[in-house]
Amino acid sequence: MEGTTVMITGASRGIGLALASELARRGWRVMAGVRDPAGVHGLLAAAQSAAPGSIEIIPLDVCCDRSVRSAAEETARQWRAIDVLVNNAGVFPEEGNETLEELPLECFAEAFAVNVVGVARVTRAFLPLLTAAPYPRVVNMSSRAGSVSQKEDSRYYCYSVSKAALNMLTRAMAAELRPRGITVVAISPGWVKTEIGGPKAPLTVAESALSLATTIDRMKPGDAGQFLDRHGNRENTAW
Ligand SMILES: NC(=O)c1ccc[n+]([C@@H]2O[C@H](COP(=O)([O-])OP(=O)(O)OC[C@H]3O[C@@H](n4cnc5c(N)ncnc54)[C@H](OP(=O)(O)O)[C@@H]3O)[C@@H](O)[C@H]2O)c1
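Description of the structure in this document. Keep in mind that what you see is a predicted model, and the values were worked out from it rather than measured.

Details of the packing of aromatic side chains
- Taken as a whole and judged by the stated rule, the model has 3 aromatic pairs.
- Their ring planes at 45 degrees and their centres at 4.9 Å tell us that F92 and Y159 sit as a pair that is tilted. Taken as a pair, F92 in the loop between β4 (84-87) and α4 (106-131) and Y159 in helix α5 (residues 157-177) lie far apart in primary sequence, 67 residues in all.
- You can call F92 partly exposed: its relative accessible area is 22%.
- Accessibility expressed as a relative area gives 10% for Y159, which makes it buried.

Following this line, the structure appears as structure tokens:
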């Protein structure tokens, strides 16, 4: 809905950038969290071509307490509330095909720091702004790689394990925050051509963002704690 406010983490490139552009095009007001505001040329171009003030850029490193706190404080200074938080920032720290013996174990910590702990840190910091909104929503950008029941290979150890943990975090946050009126979901954006998705992915960022924007707009309280595909369906994503 026009005028809806959204905070998106990891908006410098990839799906986060495309979603910021798509939501701004629909008349949403976007706070785009990025690690390095000086280096985000695509986002700056999107902000310039969008309606004035519809994309604000804010420094935000999801791994840094101080950065997240000051992003929340700065957002609170500019806006009274945020309607939607999209926890999109993510990393894929391994090559992907390593055996257990080859896997650099520090990749687990890196994946967890961004994909799991970062989500808890950002959501916690933005709770006061979310609770001030009439219908607050939190969207955690998950992945089919995080599905435990569909796991049949050994690829992407650290990424998969972190996204499975993100799914559990989603369920726990949804249960705690539902009585406070906040709807929390995990969404899989599809396999998308980005640095994480790689060049063989079938979807462009624009295609993924188009369906994600519609799904986020249509989210209902009954979706709380669900794992949705980018079209908002539950059937295509298994825990
Ligand atoms: N592409 C796919 O096929 C696919 C499939 C399923 C799920 N996903 C999920 O979709 C989300 C977006 O991924 P993508 O495909 O768009 O990948 P991407 O192009 O590599 O973008 C990742 C984004 O996360 C940001 N980021 C990484 N660490 C961060 C940190 N500590 N603090 C703040 N931002 C940080 C990056 O910022 P910098 O520019 O500063 O590095 C970048 O903006 C991720 O959660 C990913 O797991 C993607």
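Overview of the packing of helix α3 (residues 65-78) against α4
- Direction vectors running N to C along α3 and α4 enclose 20 degrees, while the axes themselves pass 9 Å from each other. By the angle between their axes, α3 is roughly parallel relative to α4. Handedness of the crossing formed by α3 with α4: right-handed. Together, D65, V68, A71, A72, T75 and A76 of α3 and R121, V122, A125, F126 and L129 of α4 make up the contact between the two elements.
- Among the residues forming the contact of α3 with α4, the class breakdown is 8 nonpolar, 1 polar and 2 charged.

Quick notes on α3
- Taking 1.5 Å per residue, 14 residues should reach 20 Å; α3 reaches 20 Å between its end C-alpha atoms and fits that length.
- Buried residues of α3: S67, V68, A71, A72 and T75, and no others. Buried residues in α3, looked at end-on, bunch into an arc of 130 degrees, giving them a common side. Of the exposed residues in α3, those oriented more than 90 degrees away from the buried face are R66 and R77.

The rules behind these values
- Residues numbered from 1 in each chain as written.
- Predicted model: local features only at pLDDT ≥ 70, side-chain atom pairs only at ≥ 80, totals over all residues.
- Heavy atoms only, no water.
- Phe/Tyr/Trp six-rings, centres within 6.5 Å; stacked < 30°, edge-to-face > 60°.
- Helix = DSSP H or I, 4+ residues; strand = E, 2+ residues; numbered from the N terminus.
- Buried < 20%, exposed > 50% of the residue type's maximum accessible area, 1.4 Å probe, protein only.
- Axes fitted to C-alpha atoms, helices over the stretch in contact; angles between N-to-C directions.
- Parallel < 35°, antiparallel > 145°, perpendicular 65-115°, else oblique.
- Left-handed = near helix turned anticlockwise from the far one by under 90°.
- Contact = heavy atoms within 4.5 Å.
- Nonpolar A, V, L, I, M, F, W, Y, C, P; charged D, E, K, R; others polar.
- Expected span 1.5 Å × (residues − 1).
- Arc of directions from axis to C-beta.

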